[in-house]
Amino acid sequence: MLHTRARWRRVPLGGLSVDPLTEAEVVSHVRSALARGEGGWIVTPNVDILRHVSRDPQLRAQLREADLVVADGTPLVWAARLAGWNLPARVAGSDLIWSLSRALAADGGSVFVLGGTPAADGPDGAYRAAAVLADTCPGLRVAGTLCPRSASTPTPRASKPCAPRSSTPSRRWSTSASASRARST
């Protein structure tokens, strides 16, 4: 685990401590960590996740282990300000996947896509998402995909890469808004 918490003061919010970072700062932090050979886990909680965190001590303990926790929702930014803390901006996981993938593509890096909707026929959600990322971010390598039947109980199964599979993913960071913790190393 990285020792990111010493670099800035986290903002207490809804049972978690949130990192006061912009999207560009998160991308910069991840790129620097990868350059040093370090990995990590990013959590992007929104109001609903914080509601669950306030009621579920096990979830709260698990999410507190994340290396970066950024506010995925303007209401969290507003709540922090009302409490006298400053979160500079909302950092949505749905935006972060694009900015991180563009940065990784520029660095010759790779991603492993986990999640999505399992498909009865045809490619599953993770495969389709990886294909779009690879098409949109030239140079991005897809290390693989996995679309488990349930996010809370992943079942390993073979997956087809939608781009040339690298032997080891360069992206050792994972993003999550739920209790499922997955790291590609």
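Our subject is the structure that appears above.
Residues numbered from 1 in each chain as written. Predicted model: local features only at pLDDT ≥ 70, side-chain atom pairs only at ≥ 80, totals over all residues. Heavy atoms only, no water.

Side note on the overall build of the protein
And then number 1: Looking only at helices and strands, the protein features six helices and seven strands.
And then number 2: Ordered by position from the N terminus, the helices and strands of the protein form the series β-β-α-β-α-α-β-α-α-β-α-β-β.
And then number 3: Burial status across the protein gives 42% buried among its 185 residues.
And then number 4: Contacts in the protein between residues at least 24 apart in sequence constitute 70% of all its contacts with a sequence separation of at least 6.
And then number 5: Accessible surface, the protein: about 9500 Å² in total, of which carbon and sulfur atoms supply 54%. (Helix = DSSP H or I, 4+ residues; strand = E, 2+ residues; numbered from the N terminus. Buried < 20%, exposed > 50% of the residue type's maximum accessible area, 1.4 Å probe, protein only. Contact = heavy atoms within 4.5 Å. Areas by Shrake-Rupley, 256 points an atom, 1.4 Å probe, with all protein chains shown as cover.)

Digging into the packing of helix 5 (residues 93-106) against helix 6 (residues 125-136)
And then number 1: Contact geometry of helix 5 with helix 6 gives a least axis separation of 10 Å together with a crossing angle of 50 degrees. In terms of orientation, helix 5 and helix 6 fall into the oblique class. In this structure, helix 5 crosses over helix 6, and the sense of that crossing is right-handed. In this structure, helix 5 uses Ile97, Trp98 and Ser101 to contact helix 6, whose residues at the interface are Val132, Leu133 and Thr136.
And then number 2: Classifying every residue of the contact of helix 5 with helix 6 gives four nonpolar, two polar and no charged. (Axes fitted to C-alpha atoms, helices over the stretch in contact; angles between N-to-C directions. Parallel < 35°, antiparallel > 145°, perpendicular 65-115°, else oblique. Left-handed = near helix turned anticlockwise from the far one by under 90°. Nonpolar A, V, L, I, M, F, W, Y, C, P; charged D, E, K, R; others polar.)

Quick look at the nonpolar core
The tendency in soluble globular proteins is for nonpolar side chains to be buried as a group.
And then number 1: Counting 25 residues, the largest nonpolar core has Val26, Val30, Ile42, Leu68, Leu96 and Leu140 as its most contacted members.
And then number 2: Counting residues per element, this core draws most heavily on helix 5, at five residues.
And then number 3: Leu13, Val69, Val77 and Leu87 belong to the second largest nonpolar core, which has 18 residues in total. (Core = buried A, V, L, I, M, F, W, Y, C linked by side-chain atoms within 4.5 Å.)

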